[in-house]
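Tertiary structure, described
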Amino acid sequence: MIVDSVLTNAKAYLNNEIVDCSIAIENGRLFKIGKEAQMPNADEKTNLGNMLVLPGLIDVHVHLRDEGKAYEEDFYTGTAAAATGGITTVLDMPNNAPVTMSTETLKNRMRIAENRNLVNIGFYSEFPRDLGEVGSIVAQGAVGFKLFMARQVGGLNIDDDEALQEAFRKVGKLGVPIAVHAEDKALLMANEERLKHANRHDADAFLKAHSERVELKAVERLLALSAQIDVRLHFCHMTTQKGLNAVVEAKKSGRTVTCEVTPHHLLLSNADYEHYGLMLTIMPPLRGESNIEALWKGIADGWVDVLGSDHAPHALSEKSAGSVWDVKVGVPGLETTLPLMLTMIRKNRISLGQLVHLLSEKPAELFNLKDRGGLEQGKKADLIIVDFKRKFKINALKFHSKAKFSPFDGWEVQGCPVKTFVNGQLVMDEQEIVAKAGSCEIIRGGHT
Ligand code: DOR
Ligand code: ZN
Ligand code: ZN
């Protein structure tokens, strides 16, 4: 038999260890992993020169924008950024224009993405106005629902406890997770009003409004409301020790909750506002050292389930204003997450095994992506080649993302994705996109 391609001289991360091997790819899947002599003939052979091979990363928290916000990012630029960052599957958040919150908006988004994607994309939906539509949204392929608690984005009244419980019951039955942005609207609004009234428009006012209590209150409320309901809540971008502890306690009591942290909440602190200014405005905000240490400890102790980039691209002009309240929140992250975390391996903050677990294995498990999340025969050939030794300086001007800014701009990192294969196809080679748009898969979560 002649397979599509064989990669030789790989150092692949297989079953928790690095193994010298060759990899045969056929029809978009991993056909065989073994010694070079055992490899079938191939149309194409690539010698990897002992480079590290990892399963493609799965970023469960990405704002790809497009449609009405295409000036900030579109499916092509966003997925080009993902491929360049070693990410082979992204899950797209629903706060778009229009908001993804119905079968129709989801279907339309899938249709547009199909011709413009360079990596696999799965889609979240916000809650529809009529909860009766939840089933058809999942049937259409939503990988999960997003619940934004800082203000109402979808059709669900987030002030209404019973409505939230009804939504949890409905989604629980369908088996997909609900990803939560846990900041309490009422407390946040009250804080904001007070600060605006006091004529505060600086970065510190934003931090005060988005207090630790704002996160904890939302986490506690949702954990209480879902206590008797069989539903999977996934808490996005945890930033505080107390918030994380509440999630950990729920886990200890056997609840099926999971959580995420982002590289920026791990690597930057509220002290950095002085240097970076309002560009660092993000929700939830950066915290101080003790909270950051708690997040690292959460990773070390295995309580943190996934790392997500929370890639939130904006036009540069939207990232500054006379008042912090007028600045768009968020920073891009697709092209920095892997190099930053590889650098943290060097600094003994995290192991390679933890990195693969948090950015590939566990995301696949949480979102039921059975064909992905590991280098195993039969799975989709989503894999990345990493030059673990290469040092480089992050240069935001070179991003494939339309958002050509980053708080990590100029940072020295060590570890660089040099090739990205998605479904067996080489998409990125030496930071260049080498595949045609529209060649990757739209993940239809509800069907697996
Ligand atoms: O920083 C953020 N950016 N937080 C959010 O909750 C939304 C996101 C965005 O869409 O820009
Ligand atoms: Zn969020
Ligand atoms: Zn987000």
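Residues numbered from 1 in each chain as written. Chains lettered and ligands numbered in written order. Predicted model: local features only at pLDDT ≥ 70, side-chain atom pairs only at ≥ 80, totals over all residues. Heavy atoms only, no water.

**Thoughts on the packing of helix 4 (residues 161-174) against helix 7 (residues 212-225)**
Between helix 4 and helix 7, the least distance of the axes is 10 Å, while the angle of their chain directions is 60°. Helix 7 is crossed by helix 4, and the crossing has right-handed handedness. Packed against helix 4, whose contacting residues are D161, L164, Q165 and F168, the element helix 7 presents R221, L222 and L225 at the interface. Here the residues of the contact of helix 4 with helix 7 sort into 4 nonpolar, 1 polar and 2 charged. (Axes fitted to C-alpha atoms, helices over the stretch in contact; angles between N-to-C directions. Helix = DSSP H or I, 4+ residues; strand = E, 2+ residues; numbered from the N terminus. Left-handed = near helix turned anticlockwise from the far one by under 90°. Contact = heavy atoms within 4.5 Å. Nonpolar A, V, L, I, M, F, W, Y, C, P; charged D, E, K, R; others polar.)

**Description of helix 7**
Given a rise of 1.5 Å per residue, 14 residues ought to cover 20 Å, and the 20 Å separating the end C-alpha atoms of helix 7 matches this to within 8%. Among all positions of helix 7, only V214, E215, L216, A218, V219, L222, L223 and L225 are buried. (Expected span 1.5 Å × (residues − 1). Buried < 20%, exposed > 50% of the residue type's maximum accessible area, 1.4 Å probe, protein only.)

**Some points on the pattern of salt bridges**
According to the stated counting rule, one finds 30 salt bridges in the structure shown. Between E166 and R169 there is a salt bridge, with the nearest N and O atoms lying 3.5 Å from each other. You can see E166 and its partner R169 sitting in helix 4, 3 residues apart, about one turn around the helix. For E166, a relative accessible area of 30% puts it in the partly exposed group. Assessed through its relative accessible area of 39%, R169 is described here as partly exposed. When the shortest N-O distance is used, the salt bridge between D204 and K208 registers 2.9 Å. Within this pair, D204 and its partner K208 are both found in helix 6 (residues 203-209), separated by 4 residues, close to a single helical turn. Put simply, R65, E72, E318 and K328 are held in one network by salt bridges that share partners. (Salt bridge = Lys/Arg side-chain N within 4 Å of Asp/Glu carboxyl O.)

**Some thoughts on the sheet that holds strand 13 (residues 383-393)**
Taken in spatial order, the 8 strands make up an open sheet running 3-2-1-4-13-14-15-16, and their pairing is mixed. Whereas interior strands pair on both sides, the edge strands pair on one side only; in this sheet they are strand 3 (29-34) and strand 16 (432-433). With 5 bridges connecting them, strand 2 (residues 17-26) and strand 3 associate as antiparallel partners. Of the residues in strand 3, the one forming a bridge with E26 is R29. Sitting on the sheet, helix 12 (residues 337-346) touches strand 13 and strand 14 (412-422), and the angle it makes with strand 14 is about 125°. (Pairing = 2+ DSSP bridges.)

Everything listed here is a matter of coordinates, which is why it stays silent on function.
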